[in-house]
Amino acid sequence: SQFLHHRRCRRAPPAPAPAPAHASPSVFPEADAFSFGPLRVTLQLRLDPADSTSAVVTMRAYRSPAAPAGPITGIVLESAVAKYMRQAFSPPSGTTVPDGAPGPVQRDVRVTNPQRGSKPFKVMLRVQCVPAGGAKVVHKADVTPILPQV
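Residues numbered from 1 in each chain as written. Predicted model: local features only at pLDDT ≥ 70, side-chain atom pairs only at ≥ 80, totals over all residues. Heavy atoms only, no water.

Visitor: I'm lost on the sheet that holds strand β7 (residues 123–130) in this one. Help?
Guide: The pairing of strands in a sheet happens through backbone hydrogen bonds and is either parallel or antiparallel. Spatially, β4-β7-β8 is the arrangement adopted by the three strands of the open sheet, whose pairing is antiparallel. Bordering the open sheet on either side are β4 (73–81) and β8 (137–142), each of which pairs with just one other strand. Strand-to-strand twist in this sheet, taken as the mean axis angle between neighbours without regard to direction, amounts to 10°. Bridge analysis of β4 against β7 gives seven bridges, and the strand direction is antiparallel. Bridge pairing in β7 places Val81 opposite Val123. (Pairing = 2+ DSSP bridges. Helix = DSSP H or I, 4+ residues; strand = E, 2+ residues; numbered from the N terminus. Axes fitted to C-alpha atoms, helices over the stretch in contact; angles between N-to-C directions.)

Spelled out as structure tokens, the structure:
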């Protein structure tokens, strides 16, 4: 009978365990986001090992090689995230890159994406500054393509 046939069949050996996937890094390299006026802006992503839905994005503003001599003042680093995400800012490290100094002015933002895996970390940056002897400059950019989507 068929039942007896099934009892006599040998079980296939268990499939070998899959090779462990390479764990993604918890800190990604700093990447250029954009340059405008006197500033070059970079981003660095650090995953939160205690919370798989959160990461810290470090925004850094450096003096651009094209910047005029003199201090760059009034530096503001801000971000906006998609409606399904949350963000919390730390205070900036300052608001000025002194004359002759490369910078950076730095600010961290904790970004939480409860839908990580199904929706991307979607981030827009807004950066403003006042170059020496100049007027306020503002730049906005979607930096989602620059951020590692892990």
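Moving on, there is more to tell.
Visitor: Just to check I follow, could you spell out the nonpolar core for this structure?
Guide: One broad trend across soluble globular proteins is that nonpolar side chains are buried collectively. Ranked by internal contacts, the top residues of the largest apolar core, which has 32 residues, are Phe34, Leu39, Leu43, Ile75 and Leu125. Looking at this core, the elements with two or more residues in it are β1 (31–36), β2 (39–47), β3 (54–63), β4, β6 (105–112) and β7. If you tally residues by element for this core, the top one is β2, at five residues. (Core = buried A, V, L, I, M, F, W, Y, C linked by side-chain atoms within 4.5 Å. Buried < 20%, exposed > 50% of the residue type's maximum accessible area, 1.4 Å probe, protein only.)

Visitor: Looking at this model, I keep getting lost on the packing of aromatic side chains. Mind explaining?
Guide: The relative placement of two aromatic rings is captured by the distance of their centres and the angle of their planes. One pass over the structure, following the stated rule, counts one aromatic pair. Geometry around Tyr62 places Arg40 over its ring, the cationic atom sitting 4.6 Å from the centre. (Phe/Tyr/Trp six-rings, centres within 6.5 Å; stacked < 30°, edge-to-face > 60°. Lys NZ or Arg CZ within 6 Å of the ring centre and 35° of its normal.)

Visitor: Teacher, can you tell me more about unusual backbone geometry here?
Guide: Excluding glycine, a negative phi dihedral is what most residues carry, and trans is how most peptide bonds are arranged. Between Gly103 and the following residue, Pro104, the backbone shows a cis peptide bond with an omega angle of 5°. Following the sequence through the fold, Pro104 ends up in the loop between β5 (86–89) and β6.

Visitor: Even after reading the chapter, I still don't get the pairing of β2, so can you show me in this structure?
Guide: Along any regular strand, the residues point their side chains to alternate faces of the sheet. Counting buried positions over the nine residues of β2 gives seven, a clear majority of the element. Bridge count between β1 and β2: five bridges; the pairing is antiparallel. The partner of Phe36 across the bridge, within β2, is Leu39. Where β1 folds back on β2, the antiparallel hairpin that results is connected by two residues, among which Gly37 adopts a positive phi of roughly 45°. Two elements, β2 and β3, share nine bridges in a ladder whose sense is antiparallel. Looking across to β3, one finds that Leu45 is bridged to Val57.

Visitor: How should I be thinking about the pattern of salt bridges in this particular structure?
Guide: For side chains bearing opposite charge, pairing can occur when the charged atoms are close. For the coordinates displayed, the defined rule picks out five salt bridges. Of the charged contacts in the structure, one is a salt bridge between Arg60 and Glu30, with a shortest N-O distance of 3.4 Å. You can see Arg60 sitting in strand β3 and its partner Glu30 sitting in the loop between α1 (2–8) and β1, a full 30 residues away along the chain. Ionic pairing is found between Asp32 and Arg40, a salt bridge with its closest N-O pair at 2.7 Å. A relative accessible area of 27% means that Arg40 is categorised as partly exposed. (Salt bridge = Lys/Arg side-chain N within 4 Å of Asp/Glu carboxyl O.)

Visitor: What am I meant to see in the side chain of Gln44 here?
Guide: Looking at the secondary structure, you find Gln44 in strand β2. Contact partners of Gln44, with chain neighbours within four places excluded, come to Val27, Phe28, Pro29, Glu30, Val56, Val57, Thr58 and Arg60. (Contact = heavy atoms within 4.5 Å.)

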